[in-house]
Structure formats: structure tokens, C-alpha cells
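Letter by letter, the chains look like this.
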Amino acid sequence: MAASAAPCYLGWDFSTQQLKVIAIDEQLRVIYEDNIHFDKDLPEFGTHCGIHVHSDKLTVTSPVLMWVKALDMILEKMKSSGFNFSHVRAFSGAGQACFSVSDSPVWMDSSTTTQCLSLEKAVGGAQHLANITGSRACERFTGNQIAKIYSQNPEVYAQTERISVVSSFAASLFLSAYAPIDYCDGSGMNLLQICDKIWSTACLNACAPGLEEKLGPVVPSSSVLGSVSPYYIQRYGFSPDCKVVAFTGDNPASLAGMKLEEGDIAISLGTSDTLFLWIKEPTPALEGHIFCNPVDSQAYMALLCFKNGSLIRERIRDDCASGSWDEFSKALKCTVIGNDGNLGFYFDVIEITPEAVGIHRFNRDNNKVPDFPKEVEIRALMEGQFMAKRIHAEKLGYKIMPRTRILATGGASYNKEILQVLSDVFSAPVYTIDTANSACLGCAYRAIHGLVAETSMSLVEVVKLAPEPRLVVTPTAGANQIYQPLLKRYAELEQKVLCSPISSHRAK
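Values in this document were obtained by computation on a predicted structure and should not be read as measured data. (Residues numbered from 1 in each chain as written. Predicted model: local features only at pLDDT ≥ 70, side-chain atom pairs only at ≥ 80, totals over all residues. Heavy atoms only, no water.)

Q: Would you mind going over the packing of aromatic side chains with me for this structure?
A: To describe a pair of aromatic rings, one takes the distance between the centres and the angle between the planes. One pass over the structure, following the stated rule, counts 18 aromatic pairs. Measuring from ring centre to ring centre gives 5.4 Å for Trp12 and Phe174, while their planes differ by 40 degrees; the resulting arrangement is tilted. With Trp12 in strand S1 (residues 8–14) and Phe174 in helix H7 (residues 166–175), this pair connects stretches of sequence that are 162 residues apart. Of the two residues examined, Trp12 and Phe174, each falls in the buried class. Between Phe345 and Phe362, the ring centres sit 6.1 Å apart and the planes meet at 85 degrees, which makes this aromatic pair edge-to-face. Of the two residues, Phe345 sits in strand S19 (residues 343–347) while Phe362 sits in strand S20 (residues 358–362), which places them 17 residues apart along the sequence. Across the pair, Phe362 and Phe345 agree in class, each one buried. Ring pairs connect the aromatic residues Trp12, Tyr32, Phe83, Phe85, Phe91, Phe174, Tyr231, Tyr232, Tyr236, Phe238 and Phe247, which therefore count as one cluster. Lying across the ring of Tyr157, Lys214 places its NZ or CZ 4.8 Å from the centre. Here the basic side chain of Lys389 rests over the ring of Phe306, its NZ or CZ set 4.5 Å away from the ring centre. (Phe/Tyr/Trp six-rings, centres within 6.5 Å; stacked < 30°, edge-to-face > 60°. Helix = DSSP H or I, 4+ residues; strand = E, 2+ residues; numbered from the N terminus. Buried < 20%, exposed > 50% of the residue type's maximum accessible area, 1.4 Å probe, protein only. Lys NZ or Arg CZ within 6 Å of the ring centre and 35° of its normal.)

Q: Help me out: how do you make sense of unusual backbone geometry in this one?
A: Trans is the common state for peptide bonds, and a negative phi is the common state for residues other than glycine. With an omega of 0 degrees, the peptide bond between Thr353 and Pro354 qualifies as cis. For Leu28, which is not glycine, the phi torsion reads 65 degrees and is therefore positive. Its place among the elements puts Leu28 in the loop between strand S2 (18–25) and strand S3 (30–37). Residues other than glycine seldom take positive phi values, yet Ser322 does so here, at roughly 55 degrees.

Q: Explanation requested: the state of the cysteines in the structure shown.
A: Note: disulfide means a covalent bond formed between the sulfur atoms of two cysteine side chains. Under the counting rule described, the total for this entry stands at zero disulfides. We note that Cys184 lacks a disulfide partner, and the nearest cysteine sulfur, in Cys292, lies 6.6 Å from it. Exposure remark for Cys184: the relative accessible area of 1% places this residue in the buried category. Lacking any disulfide linkage, Cys334 is separated from the closest cysteine sulfur, that of Cys320, by 12 Å. (Disulfide = S-S within 2.5 Å.)

Q: What's the story with the environment of Leu277 in this structure? I'm lost.
A: In this fold, Leu277 is placed in strand S16 (residues 273–279). Relative accessible area serves as the criterion here: at 0%, Leu277 is assigned to the buried category. Here the alpha-carbon distance between Leu277 and Glu377, two residues 100 residues apart in the chain, equals 29 Å. Once residues within four sequence positions are removed from consideration, Leu277 is found in contact with Leu255, Asp264, Ile265, Tyr300, Met301, Ala302, Ala393 and Tyr398. (Contact = heavy atoms within 4.5 Å.)

Q: I'm lost on the sheet that holds strand S5 (residues 60–63) in this one. Help?
A: To summarise the sheet geometry, strands pair through backbone hydrogen bonds and adopt either a parallel or an antiparallel arrangement. The strand order S4-S5-S7 describes an open sheet built from three strands, whose pairing is antiparallel. Whereas interior strands pair on both sides, the edge strands pair on one side only; in this sheet they are strand S4 (52–53) and strand S7 (103–105). Inspection of the sheet shows S4 paired to S5 by two bridges, in the antiparallel sense. Bridge assignment links Val53 to a residue of S5, and that residue is Val60. On the sheet, helix H2 (residues 64–80) packs against S5 and S7 and is oriented at approximately 40 degrees with respect to S5. (Pairing = 2+ DSSP bridges. Axes fitted to C-alpha atoms, helices over the stretch in contact; angles between N-to-C directions.)

Nothing here speaks to function; it is all geometry.
Take a look at the structure:
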């Protein structure tokens, strides 16, 4: 579908499996959407799901030239479709974190445990590192990937002029010059002091020498980096006045696409469950991540990931509800809020938050029991999953506010009874949103915001014409009084579960 003659804005997403683009008009309507699928459209790079998994099963990379070629292909597709690039006033984009070498580590890489332990030790421990950078050392974070390359290939590091993450690398392609890293993606590297928004000298020195010069400056996420380069003007017809707004990470871009506001929480109920939180006063912890907020330089974004999501919900559905979501929903409706004090922890695979594994059931007297009746099991699963989310969100500084909304997406968000439990546990209304390509959409919103950010106009004002989320459920009267003591009990029992023997590749 070709764009109209009216001004428009682009959002790019260099994701794991695809390069995606969205164009929106000034009424925030999507007028163009397309993608390049790396495996299918670029088979010469030999990727599976957009990546190469190396023989050690820990190193996971993507070819950088694949992203470059994908950009060329998608621009040619847009041109062939009749898309008029001269009407694009600005664009921004998103990408996963990486170190730009010929075969670049991606977010699934877990080959840098040695470097993580070394970084934590150098700055005084995991919690101190989290206080500085928003996260304990993470294998996929760029600082540790840099440290690995420096230790294993010092000559490659020495010859490196500039280090980019995918977002700044992609922006550089459009500028034909090095693009700076934005605050938000910079805070996902274990290198940035998130409160001061400057590189941490201690972290830089612990990873590699001369690193600050190779990283370049960090800039606000709403920064206009410059105009699109002459190459794109001549080849595709972009206007010389088209502005490139700083690119950022994919999760922060989704926060913008979901139109999160202070006090809101976005919950994606998928294969893994993910929470995005808008917070003002962060309290970094050993679990979860605190990032600079991509649309408000005075705020922060927290992210929590729970590995045991839809797969265990489906297993309990099969075991206790004859494989039927209707039966599963009936069980939630016929059991009482609070489940008569029965609590459960359900981790089929070792969990990220908290680091625990196994099925653990406790009755109202806190005695461990081997099983529950089927209906009790179903409610214990859902209440337990949502209580864990609230407890760990609050540990990172999240506070339930009178205007708090929960924005739910993912497969389980279609089940009203599941969302009712979510609403009751969090004591907040639950809305659903269409988040297809939310990172792309968020970047298109951010492109508009970048043009007016210096006037102090907020993203909320910029996107006020965008469709509003749909209210699905509100908290049941009296639910908060029931869950307050249960949340305290659940948190105390979780510590018992954490004391159970577990397998972990990295000690606390």
C-alpha cells in the first residue's frame, strides 16, 4: 500500500528474525507495513530463526552484513510498491543489543559468564553493579561481550575504531556517519551509570582499555541525530529535511508503542511472561533490569522476565482441565479469591525470577503438600504467577497508583478469567491492546516526538490521537484485602523455595 501525499513517519525494528518497518500518517494511522524475513528472504547467510548457534551451544550470533542487505531489500520493496519517501519527515528505529563485528553476538548469547563474574568482582559485587548500571552482570550485555572479544582477540579490539549496538549501528547506516548510543539502550550494556547517564569509568576499565573513546557519547533517546544522508536522498527520494531520531532498544520501543505512562504496567503473557514497568524511583536488584526511560528522561523503565509462562499454563490445563481453556476458566470462576489460603510455585524449567525450579504447594497452614484438587491447582497456578510478578515488580521500585492500568498482551490475554485474577492480584484495571509490531509503532511515535521534544511536549501529548486500549476487567470488590496478607506469605514462602537445591550455571 503506497503512502498518501501527506507527511508521514517511519519506525524500524531490527529484530532477531526480521527487519520490519511501519509508516504512520499525522493522524497516527498505519499506512504502510512490510518486513524482510532473514531465513526466508536471505538464505545465503544460513541463519535459523535469524541466528547462528555455535558448537559450544552458548555463543549465538547474527551476520551484520545480513542486516545491511535486509535494509537495502526492504527499501527496494517500498520503492517498488510506490511508497513516496519524499513525504517522510522523520524516522527512528530499534534493535537488539550487540557488538558490531562481522558475526555479532545477539541477546540469546550466554558465553560470557567468566567476564560477568570478573566485572561484578571489579566493582564490588553484583548488587553494586546493579546499583550503578541497573542490572547485575548479564551474559548478553554489550560490556561483557566486549570484554570477551578483548580477552580472546585483542588484535581485533585494538583495530576497532567504533563500537555500536544494533540500534546505533542501524542509525549510522542512515546517517552515513557514526550514530551515538541513546541513554536507554546504553543502560542495557552494564556500562552506563543510569542515574547520571554517563559511562561508568569503573565498568569501562573492567571490560577493556580505551573503551570510552570507542563507544563515543551517549545522548537522550529523543535526540535528533541529523538529516538522512545524501545516498538515501538520491537513491530513494528521501527529502533532504528528513530527520533521523536516535534509535533505541526493542523493549524500550515497545514501551513507547504501548503508550505506557507513569504507574502503568505492561504484561505480555506468552511463552515467557514479560513485564515492562514505568517507574520514577528505581531500586535496582539482582533480578530484573532497570533502564533509562525512552520517552521521559526523568523516569525509568524496569523489565522482568519469567521463563515459566504459557507452557506451564498449558500443561496444567491439560492435566487438570482436559486440555480445555473453557474448563480452565470455569475452575477459576468456581474457586474463591485467595484459594482458601492455598499457594503454589510452578517452575517446570529453572526460573529467572526467582532462580528456582520444581513444583511447590503449600496449604493455608504453610505446610508443604504433594497435590491439590484440580480446581485448586488451576487457581494456585494463576494466583502464584501473578503474585510473583507483583512482588518482584515492587522490589524494583514499582508502586500501585490510583491511576495504574495494566496493559495485557500475548496469548493468555484473550482469557477474561485469567485477566480477572491478574486484576484482583494487582488491584488495578486490566486493558488489552493490539501490540502487533509494537516496537516499530513505538519508533514511529518516537520519530514524531523527536521533532518536538525540545519544546518539552511529552510523548503522551504526541500520541493522543492513537487508539486507546480496551478495558476488559476491573478488580473484584474486597480482593485487595484478601491478597495483601497472601502476598506477604507468598514472598516468605518463596524464600523457602529458593533454599531448595537448584542447578545454576552461575552462583548468586
